[in-house]
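The primary structure of each chain is shown beneath.
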Amino acid sequence: MKIGFIGVGNMGGPMCRNIIKNTNHQVMVHDLDPAAVARCTALGAASVDSIAGLAGCEVVFTSLAVPAIVEAVIAGPGGLAATGKPGMVVIDLSTNSPETAQAMAAALAAKGIAMLEAPVSGGVARAADGTIAVMVGGDAAVFAAQEPLFASFSSKAIHVGDFGMGSVAKLINNMLAFCNMAAAAEGLMMGAAAGIDLGKLAEVVSISSGASGSFTSLSSKAFAGNFAPGFALDLAHKDLRLAVQLADLTGVPGMVAPNVLNLLRAARGMGLGGEDVGAMIKVYEGLMGRAVRAP
Ligand code: NAD
């Protein structure tokens with residue numbers, strides 16, 4: 001089978017390379033960044049200069065940073081809806097709003113092209129080791145037909161409902177992760193200001209009811225002072241903004257998430273958007289005039 005892959009960056013790159021390594025499909029990649037393309041062609045993928053070059057593919061994946069790019073690549077001039085052939089299946093792995101997923105599915109359906117929205121969770125490490133979680137919205141029969149392909153890069157792909165429900169699951173998951181991380185940043189700064197040994201604090205939390213993946217991730221980054229991006233703060237801001245928008249649309253009062261969105265806004269205002277999302281702790285560090293580091 002011919003497989004296309006548009007957007008082979010931090011997340012799309014490793015997922016694409018797992019498809020190349022774990023299947024016999026012919027994989028063709030398209031990305032604006034030649035270095036990202038080269039990391040896939042080195043494993044045997046072909047590269048194409050335009051989306052039209054993927055017209056002969058049975059399945060085309062997209063993994064793109066923000067909804068505006070997804071919309072341009074799928075529904076814009078020269079995009080997949082304009083150049084793809086009827087019968088093609090488009091699988092979007094990006095994080096979008098439910099409305100974007102629904103609008104893209106409708107634009108493609110008008111051309112006889114099926115779509116699955118399939119946002120992912122687990123970060124770059126799990127994209128690389130093939131254990132990334134995928135939450136899929138769209139037609140159940142289309143999902144069932146593509147399950148072997150999902151299995152080539154994910155140990156867990158769950159069909160959660162119709163178009164939009166994959167995005168709903170993803171936005172709620174990320175809202176939980178970032179709110180946990182903000183609480184961790186606040187708690188760690190309280191610990192630093194109170195004078196507790198931060199290594200001991202982290203050890204206690206790890207075996208207690210405050211434990212979370214977000215606390216573990218943030219404390220290890222903060223203690224080392226290493227905020228090289230795995231998940232960029234700018235992307236976290238995008239996701240939380242979409243989650244707060246979902247709360248607004250559903251009429252659910254935002255007691256927590258809007259405050260964390262403000263924290264991310266402050267971090268971006270400090271020029272931290274390109275750093276890892278854990279750099280949100282630098283807002284507290286700036287306000288308190290002290291760093292949260294431990295040996
Ligand atoms: P990224 O910026 O590393 O990758 C996006 C790639 O798309 C880049 O290589 C870029 O050159 C390419 N691109 C941009 N515009 C293009 C265009 N018009 N045509 C072709 N290629 C184009 O972003 P990422 O971190 O891989 O994130 C991708 C998606 O996955 C986002 O929606 C993000 O929210 C989501 N996500 C990211 C993570 C993470 O840990 N980074 C985790 C879960 C989900």
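Notes on the structure in this doc start here. (Residues numbered from 1 in each chain as written. Predicted model: local features only at pLDDT ≥ 70, side-chain atom pairs only at ≥ 80, totals over all residues. Heavy atoms only, no water.)

### Some points on the packing of helix H8 (residues 165-194) against helix H11 (residues 233-250)
This is how it is decided: Every axis corresponds to a line fitted to the C-alpha atoms, with the helix fit spanning only the stretch in contact, and the corresponding angles, defined between N-to-C directions, vary from 0 to 180 degrees. Helix numbers and strand numbers start at the N terminus; a helix is a DSSP run of H or I with at least 4 residues, a strand a run of E with at least 2. Roughly parallel means an angle under 35 degrees; roughly antiparallel, over 145; roughly perpendicular, 65 to 115; everything else is oblique. Take the far helix as the reference: if the near one is turned anticlockwise from it by less than a right angle, the crossing is left-handed, and if turned clockwise, right-handed. Here a residue-residue contact requires only that any non-hydrogen atoms of the pair lie within 4.5 Å.
One can describe the packing of H8 onto H11 by two numbers: an axis separation of 9 Å at closest approach and a directional angle of 115°. Viewed along their axes, H8 and H11 adopt a mutual orientation that is roughly perpendicular. As for the relative orientation of H8 and H11, their crossing is left-handed in sense. Contact residues: H8 offers Val 168, Leu 171, Ile 172, Asn 174, Met 175 and Phe 178, while H11 offers Ala 236, Asp 239, Leu 240, Leu 242, Ala 243 and Leu 246.

### Digging into helix H13 (residues 281-288)
Cut-off, in case you're wondering: Only protein chains enter the area calculation, which uses a 1.4 Å probe; residues under 20% of their type maximum are buried, those over 50% are exposed, and those in between are partly exposed.
Those residues of H13 lying buried are Ile 281, Val 283, Tyr 284 and Glu 285. On the buried face of H13, the contacting elements are H8, helix H10 (213-224) and helix H12 (257-269). One or two residues past the end of H13 sits Gly 289, with phi positive at roughly 65°.

### Let's talk about the packing of aromatic side chains
The criterion, for reference: In this analysis, rings of Phe, Tyr and Trp, with Trp reduced to its six-membered ring, are considered paired at centre separations within 6.5 Å, and the interplanar angle assigns stacked below 30 degrees, edge-to-face beyond 60, and tilted for intermediate values.
Taken as a whole, this structure holds five aromatic pairs when the rule is applied. Between Phe 143 and Phe 150, the ring centres sit 5.5 Å apart and the planes meet at 45°, which makes this aromatic pair tilted. Across this residue pair, the class does not change: Phe 143 and Phe 150 are buried.

### Observations concerning the site of the ligand
Here is the rule we go by: Residue proximity to a molecule or strand is established when one non-hydrogen atom of the residue lies within 4 Å of it. Residues adjacent in sequence count toward polar contacts only when both atoms are side-chain atoms; beyond that, a polar contact is any pair of N or O atoms within 3.5 Å, and within protein one must be able to donate a hydrogen and the other to accept it. Residue burial considers only the protein chains on display, and all accessible areas are found by Shrake-Rupley using a 1.4 Å probe. Following the grouping adopted for this structure description, the nonpolar residues are Ala, Val, Leu, Ile, Met, Phe, Trp, Tyr, Cys and Pro, the charged ones are Asp, Glu, Lys and Arg, and the polar ones are all others, Gly among them.
Near the ligand, the surroundings consist of 24 residues, among which Asn 10, Met 11, Asp 31, Leu 64 and Lys 238 are the closest. Asn 10 is positioned such that a nitrogen or oxygen atom in its backbone is 2.9 Å from an oxygen atom of the ligand. Here an oxygen atom of the ligand sits 2.6 Å away from a polar atom, N or O, in the side chain of Asp 31. Relative to its unbound accessible surface of 840 Å², the ligand loses 85% to contact with the protein. At three residues, H11 tops the list of elements feeding residues into the shell around the ligand. Its residues assigned to classes, the shell around the ligand shows 10 nonpolar, nine polar and five charged.

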